[in-house]
Amino acid sequence: MSSSRPVDPQTSASPVVDTRDRQLRDLRISVTDRCNFRCVYCMPKEVFGKDFTFMERDELLTFEEITRLAGIAVAHGVEKIRLTGGEPLLRKGLEDLVGMLTALRTPAGAQIDVALTTNGSALASKAASLKDAGLQRVTVSLDSLDDATFKAANDVDFPVSKVLHAIDVAHQIGLGPIKINMVVKRGQNDHDIVAMARHFKDTPHILRFIEYMDVGASNDWKMAEVVPSSEVISRIHAELPLEPVTANYPGETSSRWRYQDGTGEIGVISSVTQAFCHSCTRVRVSTEGKLYTCLFATEGHDLRAIMRGGCSDQQLSAAMAQLWAERTDNYSQRRSARTSELRATGKTKIEMSYIGG
Ligand code: SAM
Ligand code: SF4
Ligand code: SF4
């Protein structure tokens, strides 16, 4: 492990490496803290109820501010940008932002990979304009094929059929390959693992099973509710034989498996049982412009204040490089110890809906 190093503003527009030798490569931007779902593991109604105060419009980063930050991140090595939230499609005019971000180029002149994670509720009506704006791919969250289970998870009575329709529309429009994210929570939707696998087998979509995580402070997470990816794989393998596939690139968060009969592929994201902090190259920018170097951070760095204070691009670039160079995060590799440390200090982790998944 190398030690934290100061960053020279003159040379800061170049790839940056943190204290654990991880290069900055991915940027996740939360474009809104609002959502029309109340998924029980993310925005439970008891916390995000009618009285909950969301951010005011002028608190949100503008599209120009987001693009400015993204451009600087790209100069520092970011090659992939994901728009998330809250529900990103609730942000008005999102297509304009997509257009601004897809116009960015790496220092070598290559295009940036711009993708979006959505609950699918508004995707059918927006897929065409997003594609026209330059969006390459979408990831759609879907936790069950069974209406009762899905409605219990989203807690707003949203039916499965509308999400499946949105996936079809997005596919036809060319926003693929589409990834489908299923967060597996024991006792809530784990009975639907094999049915989901069966449904998306033989399609071009890639279903990914995500271990339920202890993000934020409102979902009352318990280890007993996590279904380890190894169990997901063995449950599917018992009915639909699988074999492992080599990763697309080093540090890919999802482990890939394919059906032995050649009818498609699935992924498992084992954030809890097989932490991948050693290869974590992601930085996150919250809705109001705080930079977080970890999904489980308790504090962010206020880049909006720096920008609205009138800083130059060079100053902003140096600030970002410095924050990454000082990064030590590896929460998931020491989850239990860290969870009790946080309880003892009274600090709370940032909510997923605010920082983006
Ligand atoms: N609203 C969009 C959606 O649901 O796709 C984007 C934001 S959501 C926070 C991003 C991803 O985080 C979703 O796939 C969601 O299922 C996942 N997620 C939310 N809370 C989670 C948790 N506690 N553990 C694991 N994944 C979670
Ligand atoms: Fe909304 Fe996505 Fe969180 Fe569900 S997971 S509450 S859709 S932000
Ligand atoms: Fe990255 Fe933090 Fe998750 Fe580890 S816990 S993989 S450092 S976001």
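As a reminder, the structure under discussion sits directly above these lines.
Okay, so let's go over this structure. Bear in mind the structure is a predicted one, so any value in this text is a computation, not a measurement. (Residues numbered from 1 in each chain as written. Chains lettered and ligands numbered in written order. Predicted model: local features only at pLDDT ≥ 70, side-chain atom pairs only at ≥ 80, totals over all residues. Heavy atoms only, no water.)

## Examining the layout of surface pockets
Put simply, the test is: For cavity detection a 1 Å grid was placed over the protein atoms alone, and a set of points counts as a cavity when a 1.4 Å probe fits there but cannot get out; an open set counts as a pocket when protein lies on both sides within 12 Å along at least five of seven lines, with lining residues being those that have an atom within 4 Å of a point. Grid points are joined across faces, edges and corners, and a volume is the space filled by probe spheres set on the points. For this classification, the nonpolar set comprises Ala, Val, Leu, Ile, Met, Phe, Trp, Tyr, Cys and Pro, the charged set comprises Asp, Glu, Lys and Arg, and every other residue, Gly included, is treated as polar.
Of the volumes computed, that of the second largest pocket is approximately 340 Å³. Around the second largest pocket sit 19 residues that line it, and Thr293, Cys294, Ala297, Thr328 and Asp329 are the ones nearest its centre. Its residues assigned to classes, the lining of the second largest pocket shows seven nonpolar, five polar and seven charged.

## Here's the deal with empty space enclosed by the protein
Inspection of the entire model under this criterion finds one cavity of 30 Å³ or more. Approximately 30 Å³ is the volume attributed to the largest cavity. As for the largest cavity, its lining consists of Ala197, Phe200, Lys201, Asp202, Thr203, His205, Leu207, Tyr259, Thr263, Gly264, Glu265 and Ile266.

## Topic: the sheet that holds strand S8 (residues 255–259)
Quick note on the threshold: When DSSP finds two or more bridges between two strands, those strands count as paired. Strands are runs of DSSP state E lasting at least 2 residues, helices are runs of H or I lasting at least 4, and numbering of each runs from the N terminus. Whether two residues touch is decided by their heavy atoms; if any such pair falls within 4.5 Å, the residues are in contact. To obtain each axis, a line is fitted to C-alpha atoms, and for helices this fit is confined to the stretch in contact; angles are then taken between N-to-C directions over 0 to 180 degrees.
Pairing within the open sheet is mixed, and its 12 strands lie in the order S7-S8-S9-S6-S5-S4-S3-S2-S1-S10-S11-S12. The open sheet has two edge strands with one neighbour each: strand S7 (242–245) and strand S12 (301–302). Pairing geometry for strand S10 (residues 282–285) and strand S11 (residues 290–292), over two bridges, is antiparallel. If you follow arginine 284 over to S11, its bridge partner there is tyrosine 292. Lying on the sheet, helix H1 (residues 63–75) is in contact with strand S1 (26–30), strand S2 (80–84) and S10; it crosses S1 at an angle near 170°. Contacts from helix H7 (residues 229–239) reach strand S6 (206–211), S7, S8 and strand S9 (265–269), with the element oriented near 155° to S9.

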